[in-house]
Amino acid sequence: MAVKIRLRRMGQKKAPFYRIVVADSRCKRDGRCIAEIGTYDPNCDPSVYKVDEEAAKKWLAAGAQPTEVVAKIIKIAGIENKKYRKRYFCDTP
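We now turn to the structure provided with this report. (Residues numbered from 1 in each chain as written. Predicted model: local features only at pLDDT ≥ 70, side-chain atom pairs only at ≥ 80, totals over all residues. Heavy atoms only, no water.)

**Description of the overall build of the protein chain**
Right, on to step 1. Of the regular secondary structure elements, the protein chain holds three helices and five strands.
Right, on to step 2. Walking the protein chain from its N terminus toward its C terminus, one meets helices and strands in the order β-β-β-β-α-β-α-α.
Right, on to step 3. Counting across all 93 residues of the protein chain, residues that qualify as buried make up 35%.
Right, on to step 4. Contacts spanning at least 24 positions in sequence make up 31% of the contacts within the protein chain whose residues lie at least 6 apart.
Right, on to step 5. Of the roughly 6,500 Å² of accessible surface on the protein chain, 50% is carried by carbon and sulfur atoms. (Helix = DSSP H or I, 4+ residues; strand = E, 2+ residues; numbered from the N terminus. Buried < 20%, exposed > 50% of the residue type's maximum accessible area, 1.4 Å probe, protein only. Contact = heavy atoms within 4.5 Å. Areas by Shrake-Rupley, 256 points an atom, 1.4 Å probe, with all protein chains shown as cover.)

**Some points on the sheet that holds strand S3 (residues 35-41)**
Right, on to step 1. Strand order in this open sheet of five strands is S4-S3-S2-S1-S5, and the pairing throughout is mixed. Where the open sheet ends on each side, the last strands, each with one partner, are strand S4 (48-51) and strand S5 (65-66).
Right, on to step 2. In this sheet, S4 lies alongside S3 in antiparallel orientation, the contact comprising four bridges. Of the residues in S4, the one forming a bridge with Thr 39 is Lys 50.
Right, on to step 3. Each of strand S1 (3-12), strand S2 (15-24), S3, S4 and S5 touches helix H1 (residues 53-61); the most contacted strand, S3, lies at about 120° to it.
Right, on to step 4. Here helix H2 (residues 68-76) sits on the sheet and contacts S1, S2, S3, S4 and S5; the angle it forms with S1, its principal contact strand, is near 90°. (Pairing = 2+ DSSP bridges. Axes fitted to C-alpha atoms, helices over the stretch in contact; angles between N-to-C directions.)

**Observations regarding the nonpolar core**
Right, on to step 1. Core analysis: the biggest nonpolar cluster contains 19 residues, and Ile 5, Leu 7, Ile 20, Val 22, Ile 37 and Trp 59 have the highest contact counts within it.
Right, on to step 2. Elements represented by at least two residues in this core include exactly S1, S2, S3, H1 and H2.
Right, on to step 3. In terms of residue count, the dominant contributor to this core is H1 (four residues).
Right, on to step 4. The contact partners of Leu 7, leaving out residues within four places of it in the chain, are Tyr 18, Arg 19, Ile 20, Arg 29, Tyr 40, Val 69, Val 70 and Ile 73. (Core = buried A, V, L, I, M, F, W, Y, C linked by side-chain atoms within 4.5 Å.)

Here is the structure:
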C-alpha cells in the first residue's frame, strides 16, 4: 500500500480550507484517510498552517511520500527528516 501525505479540500465554494492528511494513494482526494496531521488555510494573509510535528516525522520515517505542496508546507514548518531530505526538501524551484 503506497501512502501519501496530501491535502484534503474542505470549506465553502471559492473559500478553500485544507487538512493535511495521510492517505492511501489509491483513495480519492477527499476520500478516506488514515490520519490527519495538520491544517492549511490559504485564505489568510499570510497563509496559516499548523502541522503536528511528531505525526509528520512518524509518517515520513514510515515511508509516506508528501506531495509537492505538502513538502513545501512541512519545510516551512521546520520539519525535516534526514532520510528524505534530498528527495523532498530540495531548494530548487
